[in-house]
Amino acid sequence: GNSVTQMEGPVTLSEEAFLTINCTYTATGYPSLFWYVQYPGEGLQLLLKATKADDKGSNKGFEATYRKETTSFHLEKGSVQVSDSAVYFCALSKQGAQKLVFGQGTRLTINP
Amino acid sequence: NAGVTQTPKFRILKIGQSMTLQCTQDMNHNYMYWYRQDPGMGLKLIYYSVGAGITDKGEVPNGYNVSRSTTEDFPLRLELAAPSQTSVYFCASSYSVIVQETQYFGPGTRLLVL
């Protein structure tokens, strides 16, 4: 079946540090890949997405590249801010399917 | 637009009680979803709907029921609450089934069953 595995959290960094949150997936065919972010007390928001191999999604300084050869979609940011503190979810959606499959989430805390 | 709204924000239930979690969207989206989020886990799909009058089971439907009488509303019913249903429940909607389509989430309902 389809599944998503994320880096174990929680992750704590200092402001301006480099961020990587690992995400790997198992799926047949060519899924679309997503990163959602959940700020404290809020619902999930789409952060970025990629729909085919080698696509790079980017938003708010975050980037992730769809790597089919390693079945990965790692989230990166060059310089994190306190406001980036949140829970980050990697997810996939099979082509033609309306259902998202989520990873377990990674809690990120940025200290000033 | 308010987007996706959910009520209540928080509820405590006793074992065996029933309740309905409300979800409304004002974006005229055809597709609506209910997820539950357990601590330290990702979201799991409970039920979804592809339009008014049409619903289908997701990954973890046992203990829940849904209905979709209008495009805007997609309530989730718990008939006999159990401690295993303690979770945070998120409603979401999307315009279509196109794979690139974004799902928009409500703020969640935190449910505690004691």
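Just above, that's the structure.
Numbering of residues starts from 1 in every chain and runs along the sequence as written. All chains are assigned letters beginning with A, and all ligands numbers beginning with 1, in the order in which they are written. Given that the model is predicted, a residue must reach a pLDDT of at least 70 before its local features are reported, and side-chain atom pairs must reach 80 or more before they are shown or counted; all residues, however, enter totals for whole chains, interfaces and linings. To get the side-chain values, take all heavy atoms of the structure and skip hydrogens and water.

### Structural notes on the overall build of chain B
- Here a strand is any run of E in DSSP of at least two residues, a helix any run of H or I of at least four, and the numbering for each starts at the N terminus. Secondary structure assignment for chain B yields zero helices and eleven strands.
- Counting from the amino terminus, chain B carries its helices and strands in the arrangement β-β-β-β-β-β-β-β-β-β-β.
- Here the C-alpha coordinates of chain B stretch approximately 40 × 30 × 25 Å along the principal axes.
- Carbon and sulfur atoms provide 52% of the accessible area of chain B, an area that totals close to 5,400 Å².
- By the counting scheme adopted, Arg and Lys are positive, Glu and Asp are negative, and His together with the chain ends is not counted. Note that the charge is assigned to NZ on lysines, CZ on arginines, CG on aspartates and CD on glutamates. Averaging the locations of the 9 positively and 8 negatively charged side chains of chain B gives two centres separated by 11 Å. Only the protein chains shown count as covering a residue, and every accessible area follows the Shrake-Rupley method with a 1.4 Å probe.

### Observations concerning the sheet that holds strand S8 (residues 62–65) of chain A
All names here are of chain A.
- Strand order across the open sheet formed by four strands is S3-S9-S8-S7, with antiparallel pairing between neighbours. The open sheet is flanked by strand S3 (19–21) and strand S7 (56–59), the only strands paired with a single partner. Here the strands of the sheet are splayed against their neighbours by 20 degrees on average, with no regard to which way each runs.
- Note on pairing: DSSP must find at least two bridges between two strands before they are called paired. With three bridges joining them, S8 and strand S9 (residues 75–77) adopt antiparallel strand pairing. Bridge pairing links Ala64 to Leu75 in S9. For helices, the axis comes from a line fit to the C-alpha atoms of the stretch in contact; other axes are also lines fit to C-alpha atoms, and the angle between any two N-to-C directions lies between 0 and 180 degrees.

### Notes on the environment of Val88(B)
Residues and elements named next belong to chain B.
- Secondary-structure assignment places Val88 in strand S9 (residues 87–94).
- Judged by its relative accessible area of 13%, Val88 falls in the buried class.
- Taking the C-alpha atoms as reference points, Val88 and Pro39, separated by 49 residues in sequence, lie 8.5 Å from one another.
- The contact criterion used is simple: two residues touch if any of their non-hydrogen atoms lie within 4.5 Å. Those residues in contact with Val88 that sit more than four places away from it in its chain are Tyr35, Arg36, Gln37, Thr109 and Arg110. For every residue, the accessible area obtained with a 1.4 Å probe (protein chains only) is divided by the maximum for its type, and the residue is called buried under 20%, exposed over 50%, and partly exposed between those limits.

### Side note on the state of the cysteines
- Here, two cysteine sulfur atoms that lie within 2.5 Å of each other are counted as a disulfide. In this structure the tally under the stated criterion is two disulfides over all chains.
- There is a disulfide in this structure between Cys23(A) and Cys90(A), and the S-S distance comes to 1.9 Å. Here the disulfide of Cys23(A) and Cys90(A) is left-handed, its torsion about the S-S bond being about -70 degrees. Highlighted residues: Cys23(A) in strand S4 (residues 23–26) and Cys90(A) in strand S10 (residues 86–93), separated in sequence by 67 residues.
- Taking the relative accessible area as the measure of exposure, Cys23(A) reaches 1% and is therefore buried.
- The disulfide partner of Cys23(B) is Cys91(B), and the S-S distance across this bridge is 1.8 Å. For the disulfide bridge between Cys23(B) and Cys91(B), the dihedral angle about the S-S bond is near -75 degrees, and by the sign convention the bridge is left-handed. Highlighted residues: Cys23(B) in strand S3 (residues 19–25) and Cys91(B) in strand S9, separated in sequence by 68 residues.
- By relative accessible area, which is 0% here, Cys91(B) ends up buried.

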